[in-house]
Amino acid sequence: MLERMGGASVIPLLRIVITETVRNPELGFALFTAGPDRTARRLADYLAAAKGRGDFHGEDPAMAASFYIGSVMGNATLMNLLRPVERPMTRKQIDGRVDEAVALFLARYGSPSQGTGGK
């Protein structure tokens, strides 16, 4: 997700779209709809199905999806937009960020029988 939404190959495109969205708001909306929003909707659908199976213990799958994506992405896209592209996140940094996001997510939404999550 970090590589697809904020990696070195995407950042130049994001810079152009952000600049052009001032004149053409539909461009930014189209990119958002095809990328980040689509990812969030797919994850929310997955979590809703998991809730039906009893594997997800949250009230709002869409909100949980947003929180998960936000915790994975953090400020990575902003950092990559504002710093030289030659300094992308390393695989170790990405893996560490994802591991921490999963731990946070499971602590809140994981199975109570596993000693995590739930209300």
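Only a predicted model underlies this, so the values are computations on that prediction, with no experimental measurement involved. (Residues numbered from 1 in each chain as written. Predicted model: local features only at pLDDT ≥ 70, side-chain atom pairs only at ≥ 80, totals over all residues. Heavy atoms only, no water.)

**Regarding the pattern of salt bridges**
- Using the criterion set out here, one finds four salt bridges in the structure.
- Ionic pairing is found between Glu20 and Arg23, a salt bridge with its closest N-O pair at 2.5 Å.
- Since its relative accessible area comes to 27%, Glu20 is described here as partly exposed. (Salt bridge = Lys/Arg side-chain N within 4 Å of Asp/Glu carboxyl O. Buried < 20%, exposed > 50% of the residue type's maximum accessible area, 1.4 Å probe, protein only.)

**Details of the environment of Ile16**
- If you trace the backbone, Ile16 turns up in helix 2 (residues 11–21).
- We classify Ile16 as exposed; its relative accessible area is 52%. (Helix = DSSP H or I, 4+ residues; strand = E, 2+ residues; numbered from the N terminus.)

**Considering helix 4 (residues 36–53)**
- The first and last C-alpha atoms of helix 4 sit 26 Å apart over 18 residues, in line with the 26 Å expected at 1.5 Å per residue.
- Within helix 4 the residues assigned to the buried category are Ala44, Leu47 and Ala50. Summarising the axial view, the buried residues of helix 4 lie within an arc of 120°, below the 170-degree limit, and thus occupy one face. In helix 4, those exposed residues whose orientation departs by more than 90 degrees from the buried face are Arg42, Asp45, Tyr46, Gly52 and Arg53.
- The elements touched by buried residues of helix 4 are helix 5 (61–73) and helix 7 (91–109).
- Downstream of helix 4 by a residue or two, Gly54 has a phi angle that is positive, lying close to 85°. (Expected span 1.5 Å × (residues − 1). Arc of directions from axis to C-beta. Contact = heavy atoms within 4.5 Å.)

**Considering the packing of aromatic side chains**
- Following the criterion strictly, the structure yields four aromatic pairs and no others.
- For the ring pair Phe56 and Phe105, a centre distance of 6.3 Å and an interplane angle of 25° mean the geometry is stacked. Of this pair, Phe56 sits in the loop between helix 4 and helix 5 while Phe105 sits in helix 7, placing them 49 residues apart in sequence.
- Overall, Phe56 belongs to the buried group, its relative accessible area being 4%.
- Three or more aromatic residues link up through ring pairs in this structure, and these residues are Phe56, Tyr68, Phe105 and Tyr109. (Phe/Tyr/Trp six-rings, centres within 6.5 Å; stacked < 30°, edge-to-face > 60°.)

**As for the layout of surface pockets**
- Of the voids in this model, the second largest pocket is the one considered here, and its volume is about 260 Å³.
- Along the wall of the second largest pocket there are 14 residues; nearest its centre are Tyr46, Leu47, Asp55, Phe105 and Leu106.
- Element by element, the count of residues in the lining of the second largest pocket is highest for helix 4, at five residues.
- When its residues are assigned to classes, the lining of the second largest pocket shows nine nonpolar, three polar and two charged. (1 Å grid on protein atoms, 1.4 Å probe; cavity = no way out; pocket = protein on both sides within 12 Å on 5 of 7 lines; lining within 4 Å. Points joined across faces, edges and corners; volume = space filled by probe spheres on them. Nonpolar A, V, L, I, M, F, W, Y, C, P; charged D, E, K, R; others polar.)

Taken by themselves, the reported measurements are silent on function.
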